Amino acid sequence: RKEVEQDPGPFNVPEGATVAFNCTYSNSASQSFFWYRQDCRKEPKLLMSVYSSGNEDGRFTAQLNRASQYISLLIRDSKLSDSATYLCVVNKDSGAGSYQLTFGKGTKLSVIP
Amino acid sequence: EAGVTQFPSHSVIEKGQTVTLRCDPISGHDNLYWYRRVMGKEIKFLLHFVKESKQDESGMPNNRFLAERTGGTYSTLKVQPAELEDSGVYFCASSQQGWVYNEQFFGPGTRLTVL
């Protein structure tokens, strides 16, 4: 079983739609959680950190359920510029005094005019 | 402020050759990470430097890969000899602290193709 699993996608949605991405992680020792965004042939960029209390940044809302080991990202009022691959990422102590990011494969979103 | 830079952006080599990738982290960032994405797979951790020391190299695939960070500034990742399965995108990232909540800033990556 992969450490971080995401919806395979792709998601093709019209402008203005609401879209939700789901992610599960297998390591209960994971300590921090993120959504990264990656544009085609570019580097991953942090979109937002995810906290147990849930957090919102404009049109983006992230939720974490530690008991279910489940992370979600909701995008409201989708824009063309939201088209990208969204990566679910967890951070854990590798046991070597280091924290390493573990990535999901990503879910591709295309927002259509 | 300049971001993480990587050189070259692309490299095409033949199996058995040697390639050296370079990463310049954000100035002042003590923590430097290497990751790799092979086609069809997720991005995977390779190793982590704190200044010039290797903190964690548990993700390095085998002894054909050698990473260095002399002086605690830029880092190099050498693949010798390269194999077909080494093809992929190699990302470098840096962070100011190595703490679990610290954002890692990624470079644009080096796309390596081994023929």
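Remember, predicted model here, so these are calculated numbers, not experimental data. (Residues numbered from 1 in each chain as written. Chains lettered and ligands numbered in written order. Predicted model: local features only at pLDDT ≥ 70, side-chain atom pairs only at ≥ 80, totals over all residues. Heavy atoms only, no water.)

A. Broad picture of the pattern of salt bridges. Residue and element names in this part refer to chain B. Scanning all chains against the criterion turns up 11 salt bridges over all chains. A salt bridge links R22 to D24; the shortest N-O distance between them is 2.7 Å. Judged by its relative accessible area of 32%, R22 is partly exposed. For D24, a relative accessible area of 25% translates into the label partly exposed. The partner of E57 in a salt bridge is K54, and the shortest N-O contact between them spans 3.9 Å. A single network of salt bridges, built from pairs that share partners, joins R36, R64, E85 and D86. (Salt bridge = Lys/Arg side-chain N within 4 Å of Asp/Glu carboxyl O. Buried < 20%, exposed > 50% of the residue type's maximum accessible area, 1.4 Å probe, protein only.)

B. Quick look at the nonpolar core. Judged by nonpolar contacts, the single largest core of 23 residues is most densely connected at A:F21, A:W35, A:I71, A:L73, A:I75, A:Y86 and A:L109. For this core, the elements supplying multiple residues, two or more each, are β3 (19-25), β4 (32-38), β5 (44-50), β7 (60-65), β8 (70-75), β9 (84-93) and β11 (107-112) of chain A. Ignoring sequence-local partners within four residues, the contact set of A:L109 consists of A:F11, A:V13, A:V19, A:F21, A:I75, A:D82, A:S83, A:A84 and A:Y86. In this structure, B:L32, B:L47, B:A67 and B:L77 belong to the second largest nonpolar core, which totals 21 residues. (Core = buried A, V, L, I, M, F, W, Y, C linked by side-chain atoms within 4.5 Å. Helix = DSSP H or I, 4+ residues; strand = E, 2+ residues; numbered from the N terminus. Contact = heavy atoms within 4.5 Å.)

C. Molecular detail of the sheet that holds β7(A). Residue and element names in this part refer to chain A. Strand order in the open sheet formed by five strands is β1-β3-β8-β7-β6, and the pairing between neighbours is antiparallel. Both edges of this open sheet fall to β1 (4-6) and β6 (55-57), since each of them pairs with a single strand only. For this sheet, the mean angle separating the axes of adjacent strands, direction not counted, is 15°. Relative to β8, β3 is paired through six bridges, and the arrangement is antiparallel. What sits directly across from T24, in β8, is Y70. (Pairing = 2+ DSSP bridges. Axes fitted to C-alpha atoms, helices over the stretch in contact; angles between N-to-C directions.)

D. Quick peek at unusual backbone geometry. Going from B:F7 to B:P8, the amide bond is cis rather than trans, its omega being -5°. Among the structural elements, B:P8 can be located in the loop between β1 (5-7) and β2 (10-13). In the segment running from B:Q80 into B:P81, the intervening peptide bond is cis, with an omega of -10°. Structurally, B:P81 can be placed in the loop between β8 (75-79) and β9 (88-95). Positive phi, normally seen in glycine, also occurs at A:D77, with a value near 50°. The topology assignment puts A:D77 in the loop between β8 and β9. Using a relative accessible area of 35% as the deciding quantity, one classes A:D77 as partly exposed.

E. Representation of the sheet that holds β1(B) within the structure. Residues and elements named next belong to chain B. Here we have four strands laid out as an open sheet, ordered β1-β3-β8-β7, and antiparallel in their pairing. Edge positions in the sheet fall to β1 and β7 (65-68), since each of these pairs with one other strand and no more. Each neighbouring strand pair of the sheet contributes to a mean axis angle of 15°, computed without reference to strand direction. With four bridges connecting them, β7 and β8 associate as antiparallel partners. Bridge pairing links E68 to T76 in β8.

F. Representation of the interface of chain A and chain B within the structure. The interface of chain A with chain B comprises 23 residues on the first partner and 23 residues on the second. Here chain A and chain B share an interface that buries about 2000 Å² over both sides, 51% of which is from carbon and sulfur atoms. Contact with chain B buries surface across chain A, with A:Y99, A:F103 and A:K105 losing the most and accounting together for 25% of the total. If you look at where chain A meets chain B, you find one salt bridge. Of the charged contacts, one joins A:K2 and B:E42 as a salt bridge, the two residues approaching to 3.7 Å between their closest N and O atoms. (Buried area = accessible area lost by both parts, 1.4 Å probe.)

G. Structural context of the packing of aromatic side chains. As enumerated under the stated definition, the model contains 14 aromatic pairs over all chains in all. Above the plane of the ring of B:Y74 lies B:R22, whose end atom (NZ or CZ) is 3.7 Å from the centre. (Phe/Tyr/Trp six-rings, centres within 6.5 Å; stacked < 30°, edge-to-face > 60°. Lys NZ or Arg CZ within 6 Å of the ring centre and 35° of its normal.)

H. How the structure looks around the pairing of β7(A). All names here are of chain A. In this sheet, β7 lies alongside β6 in antiparallel orientation, the contact comprising three bridges. By the bridge assignment, D57 is partnered in β7 with F60. Direction of pairing for β7 relative to β8: antiparallel, over a ladder of six bridges. Pairing of T61 across the sheet is with L74, part of β8. The antiparallel hairpin formed by β7 and β8 contains four residues in its connecting segment, where Q69 sits at a positive phi of about 55°.

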